[in-house]
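Architecture and fold: a report
So you can see what is in the structure, the chains are spelled out below.
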Amino acid sequence: MTGTWYAVGVGPGDPELMTIKAVKRLKECDTLAVPHKDRDQCVAYKIAVQAVPELAEKKCICLPMPMTKDRALLEESHSEAVRRTEDCLRRGENVAFITLGDTTVYSTCLYIKERLDEKQYATELINGIPSFCAAAARMGIPLVNGKEELHIIPASYQIEDALEQPGVKVLMKSGKKLSEVKSLLERQGRDVKMVENCGMENEKIYGSIKEIPDEAGYYSLLIVRDGK
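The subject of this paragraph is the pattern of salt bridges. The full count for this structure, using the stated rule, is 21 salt bridges. Note that Asp 117 is salt-bridged to Lys 113, the shortest N-O span being 2.6 Å. Placement of the pair is Asp 117 and Lys 113 together in helix 4 (residues 109-118), with a separation of 4 residues, close to one helical turn. Using a relative accessible area of 32% as the deciding quantity, one classes Asp 117 as partly exposed. Relative accessible area serves as the criterion here: at 19%, Lys 113 is assigned to the buried category. Of the charged contacts in the structure, one is a salt bridge between Glu 164 and Arg 190, with a shortest N-O distance of 3.7 Å. Highlighted residues: Glu 164 in the loop between helix 6 (160-163) and strand 7 (168-172) and Arg 190 in the loop between helix 7 (178-187) and strand 8 (191-196), separated in sequence by 26 residues. According to the relative accessible area criterion, Arg 190 is buried, its value standing at 11%. Connected via shared salt-bridge partners are Glu 80, Arg 83, Glu 86, Asp 87, Arg 90 and Lys 119.

Here the largest pocket is characterised by a volume of approximately 1,600 Å³. What lines the largest pocket is a set of 50 residues, among which Met 67, Tyr 106, Thr 108, Lys 173 and Tyr 218 lie closest to the centre. Here the lining of the largest pocket takes 5 residues from helix 3 (residues 71-90), the largest share from any one element. Looking at the lining of the largest pocket, its residues break down into 26 nonpolar, 15 polar and 9 charged. When its volume is computed, the second largest pocket comes out at roughly 260 Å³. If you go around the second largest pocket, the residues you meet are Gly 13, Pro 15, Val 43, Lys 46, Ile 47, Gln 50, Asn 197, Gly 199, Met 200, Glu 201, Asn 202 and Tyr 219. Among the residues forming the lining of the second largest pocket, the class breakdown is 5 nonpolar, 5 polar and 2 charged.

The next point concerns the sheet that holds strand 8. Strand order in the open sheet made by the 5 strands is 6-7-10-8-9, with mixed pairing throughout. Looking at which strands have only one partner, the edges of the open sheet turn out to be strand 6 (150-154) and strand 9 (204-206). Across the sheet, the axes of successive neighbouring strands diverge by a mean angle of 15°, strand direction being ignored. Summarising the sheet, strand 8 and strand 10 (residues 220-225) pair through 6 bridges and their orientation is antiparallel. Its bridge partner lying in strand 10, Lys 193 is registered against Ile 223. Here helix 5 (residues 131-139) sits on the sheet in contact with strand 6, strand 7, strand 8, strand 9 and strand 10, set at roughly 70° to strand 10. Relative to strand 10, helix 7 is tilted by about 10°, and along the sheet it contacts strand 7, strand 8 and strand 10.

Quick notes on the rules
Residues numbered from 1 in each chain as written. Predicted model: local features only at pLDDT ≥ 70, side-chain atom pairs only at ≥ 80, totals over all residues. Heavy atoms only, no water. Salt bridge = Lys/Arg side-chain N within 4 Å of Asp/Glu carboxyl O. Helix = DSSP H or I, 4+ residues; strand = E, 2+ residues; numbered from the N terminus. Buried < 20%, exposed > 50% of the residue type's maximum accessible area, 1.4 Å probe, protein only. 1 Å grid on protein atoms, 1.4 Å probe; cavity = no way out; pocket = protein on both sides within 12 Å on 5 of 7 lines; lining within 4 Å. Points joined across faces, edges and corners; volume = space filled by probe spheres on them. Nonpolar A, V, L, I, M, F, W, Y, C, P; charged D, E, K, R; others polar. Pairing = 2+ DSSP bridges. Axes fitted to C-alpha atoms, helices over the stretch in contact; angles between N-to-C directions. Contact = heavy atoms within 4.5 Å.

Encoded structure:
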């Protein structure tokens, strides 16, 4: 009998925000899969092991996932990850692939799940608290209220048209293009707040566009409203 593959969302950074179900799956799994070449350098692992210390003793496979838009490199890394995961599943091992935030929001695990589904392996997504919900809570503000719409936008792509949508805009993955994004939002007179490394030891909160630096880490998230 083949094993089951679980994608486990570990939340945005604070291990106390991991769900009971996520903790249970990680405790029960035979093999841990981390999206990094080095387990101890993987941000998701650093979060998860605080809630589940026994992960340090589990069998672990490292599956590097390059942050690139190069389709050939992505296909190569995803195919290799599936191949190594299959080796475990065929031996009857249940594999837990950890990922930051929620498993359904811009997560690398979805590419792996799609390929495993095509091969008819048993798979399951375990939700985690998404970063934009945690960021709003950390700032003590509503994410959306009343009739407000919510738009989740990957800021590493063109965002001008998306910013014209009504309601609240969440800009994810803003790090590398932060200076460009900040300049655009400032020209438009938007009300902007940002959390960098939400829930982690090096978390920083910025309450206005003027406070936001021109450079920040990859895990930077902006909440954008129309100017007041």
